[in-house]
Amino acid sequence: MISSSSILHKHIFKQLLLTTLLNTFILTLILLYGNLEKHGEVLIQSLSFSLWTVLELAVHLIPYSLSMGLPFGFALAILFCVGRWNSDLEILSLRSHGLSISQWSVPVFLLSFLLSLLSVYASVDWGPLNRAKFDDLKKEILWGNLNVLLQKRGQIDFNVNSTNQDSSFSEFASVSNGQLSKVSISVSETQARVWKNARLVMTDKDGVILSVLHAGEAIVSRSNDRSNLILDLKEVDLEPGFDERNESKESSSMFLSFKSWKKPIVISLFDSQGEEELSFKKMGFRQKLDFLTKNPSDDKAMEVTFLLHKEIALGFSPLFLCVFLLPVAAKQGRSETMMNLLIGLSFCLTYFLIGSLSANFLSDSSFGFLSWWYPNILCLLVGCYLIVKFEKLM
């Protein structure tokens with residue numbers, strides 16, 4: 001015969017699980033839409049491949065969105081379910097039968113622990129690895145559409161910042177004044193691996209033309225990491241630029257011709273500084289541990305340590321939020337969904353605010369990697385106090 005406590009625990013577990021799944025689904029969709037919107041141009045270009053490519057891009061972003069949606073979907077589920085139980089006097093009924101919060105909340109803490117394990121996996125390993133796959137697929141799409149973009153727009157622009165400027169541009173320094181900031185490429189004809197009559201216009205950050213390079217033929221390839229466009233130029237004519245906004249400025253009549261450019265021109269398809277900053281965020285758990293093991297004194301070791309602790313701390317947030325929100329919902333919960341939603345969003349924003357402020361204040365501290373654990377510790381301490389206080393009311 002099934003005991004009454006088992007029936008109660010199954011009921012609580014089922015109600016909380018279903019509500020969590022619904023909340024997580026909605027929040028994950030919202031976060032997924034926000035992430036996809038940042039890459040709108042890539043999504044449009046992916047349609048030229050197939051609808052499956054668009055879906056594949058979206059699927060790769062689901063784990064990252066889930067790592068954020070799951071903890072706070074569960075937090076809202078606690079407020080929705082326990083708040084409704086409190087409003088319907090079900091919590092009072094349990095207390096009148098001698099059941100303390102520590103007794104009837106066993107399935108709540110069990111579910112929070114299981115969800116925390118899933119959330120940790122999504123934050124530390126599943127999400128970062130799929131984020132890397134998303135970027136790899138994005139590179140394939142952009143590479144596959146280079147010819148299409150050239151034909152459609154007539155010209156494509158690439159930023160060449162001081163942080164990602166390749167040494168292949170150093171030869172232009174002798175025939176131009178100023179810091180190269182952007183390269184604009186236009187061609188008369190595109191083939192699979194060859195561009196005919198290519199024209200490269202080098203400009204600085206103010207739009208001043210530094211130099212113009214004409215090539216009868218450009219052999220197109222890319223680097224092994226698929227991040228750089230490599231142009232091997234043939235039948236090259238090089239002329240210095242001029243400031244179109246200052247007609248009185250003297251312009252040089254120098255005009256140089258070469259049979260071929262002595263080294264390939266390497267242009268980054270992406271912002272390498274941004275790629276470097278994101279590289280650690282795209283590492284799985286084992287990759288991060290391997291990096292820390294092999295490079296314990298590296299300048300980036302602290303950054304990887306901070307990132308790993310942040311991911312684990314956020315992953316375990318359902319468990320710590322549960323300790324805090326359970327007594328709050330059991331005592332102050334409401335039956336109105338919008339009121340519980342407002343309370344839940346307020347707590348979630350406060351959680352992130354505390355973590356962000358801790359990370360900023362302790363950024364130069366040797367204990368900065370623990371900053372995202374502080375909101376968890378705060379939830380644990382305050383939650384334990386509220387649970388003890390709630391029990392004394394019996």
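Residues numbered from 1 in each chain as written. Predicted model: local features only at pLDDT ≥ 70, side-chain atom pairs only at ≥ 80, totals over all residues. Heavy atoms only, no water.

J.: Which parts of the structure should I look at to understand the overall build of the protein chain?
T.: The secondary structure content of the protein chain amounts to 13 helices and eight strands. Taken over 394 residues, the protein chain has a buried fraction of 45%. Considering only intrachain contacts with a sequence separation of at least 6, the fraction spanning at least 24 residues in the protein chain is 70%. Accessible area for the protein chain stands at about 21000 Å²; split by element, carbon and sulfur atoms hold 60% of it. (Helix = DSSP H or I, 4+ residues; strand = E, 2+ residues; numbered from the N terminus. Buried < 20%, exposed > 50% of the residue type's maximum accessible area, 1.4 Å probe, protein only. Contact = heavy atoms within 4.5 Å. Areas by Shrake-Rupley, 256 points an atom, 1.4 Å probe, with all protein chains shown as cover.)

J.: Explain the packing of helix α1 (residues 4-38) against helix α3 (residues 51-87) to me, please; I cannot follow it from the model alone.
T.: The packing of two helices is summarised by the inter-axis angle and the distance between the axes. The interhelical angle for the contact between α1 and α3, taken along N-to-C directions, is 140°, at an axis separation of 5 Å. It follows from the interaxial angle that α1 and α3 lie oblique. At the point where α1 passes α3, the crossing takes the right-handed sense. Class assignment for the residues of the contact of α1 with α3 results in 21 nonpolar, 10 polar and one charged. (Axes fitted to C-alpha atoms, helices over the stretch in contact; angles between N-to-C directions. Parallel < 35°, antiparallel > 145°, perpendicular 65-115°, else oblique. Left-handed = near helix turned anticlockwise from the far one by under 90°. Nonpolar A, V, L, I, M, F, W, Y, C, P; charged D, E, K, R; others polar.)

J.: Just to check I follow, could you spell out the nonpolar core for this structure?
T.: As a rule of thumb, soluble globular proteins bury nonpolar side chains together. Within the largest apolar cluster, 40 residues are counted, with the highest numbers of intra-cluster contacts made by L16, I78, V82 and W104. Beyond its immediate stretch of four places on either side in the chain, I78 contacts L16, G83, C322, L325, L326 and A329. With 29 residues, the next largest nonpolar core counts V160, V187, A218 and V220 among its residues. (Core = buried A, V, L, I, M, F, W, Y, C linked by side-chain atoms within 4.5 Å.)

J.: I tried to follow the pattern of salt bridges on my own but got confused; where do I start?
T.: Oppositely charged side chains may form a pair once their charged atoms are brought near each other. For the structure shown, the criterion picks out seven salt bridges. The partner of D135 in a salt bridge is K138, with the nearest N and O atoms 4.0 Å apart. One end of the pair is D135 and the other is K138, both in helix α6 (residues 106-144) and three residues apart, which spans about a single turn. Of the two residues examined, D135 and K138, each falls in the buried class. Across the salt bridge formed by D135 and K282, the nearest N and O atoms sit 3.1 Å from each other. (Salt bridge = Lys/Arg side-chain N within 4 Å of Asp/Glu carboxyl O.)

J.: Which parts of the structure should I look at to understand helix α10 (residues 301-315)?
T.: Residue pairs three or four apart in sequence face the same way in an α-helix, which turns once every 3.6 residues. The end-to-end C-alpha distance of α10, which contains 15 residues, comes to 21 Å, matching closely the 21 Å that a straight helix rising 1.5 Å per residue would cover. Each element contacted by the buried residues of α10 is listed here: α3, α6, α9 (285-294), α11 (317-332), α12 (337-361) and α13 (374-392). (Expected span 1.5 Å × (residues − 1).)

J.: Sorry if this is basic, but what is going on with the confidence of the model for the protein chain here?
T.: For residues with low pLDDT, the predicted coordinates do not support detailed interpretation. Chain-level statistics for the protein chain give a pLDDT mean of 83 and a share of 88% at 70 or above. Residue range residues 245-252 is modelled with pLDDT below 50. Its contacts to residues more than four positions away, or to other chains, number five contacts. Here residues 272-277 is a poorly scored stretch, pLDDT under 50, and it has seven contacts once near neighbours within four places are set aside; other chains count. (pLDDT = per-residue confidence, 0-100.)

J.: In this structure, what is going on with the state of the cysteines? I would like to understand it.
T.: By definition, a disulfide links the sulfur atoms of two cysteine residues through a covalent bond. In total, this model carries zero disulfides according to the counting rule given. Just so you know, C348 is unpaired, no disulfide at all, and the nearest cysteine sulfur is the one on C379, 9.7 Å from it. (Disulfide = S-S within 2.5 Å.)

J.: Where do I start with the packing of α11 against α13 in this structure?
T.: In contact at an axis separation of 8 Å, α11 and α13 are set at 35° when each is read in the N-to-C sense. Crossing of α11 over α13 shows left-handed handedness. Contact with α11, carried on its side by S317, F320, L321, V323, F324, P327, V328, A330 and K331, involves N376, C379, L380, V382, G383, C384, L386, I387, K389 and F390 of α13 and no other residues of that element.

J.: Help me out: how do you make sense of the pairing of strand β6 (residues 228-240) in this one?
T.: A regular strand places its side chains so that they alternate between the two faces of the sheet. Both strand β5 (residues 209-222) and β6 contribute to a ladder of 11 bridges, which runs antiparallel. Across the sheet, the residue bridging to V212 is E239, located in β6. With four bridges joining them, β6 and strand β8 (residues 265-268) adopt antiparallel strand pairing. Bridging from a neighbouring strand, L231 pairs with I265 of β8. (Pairing = 2+ DSSP bridges.)

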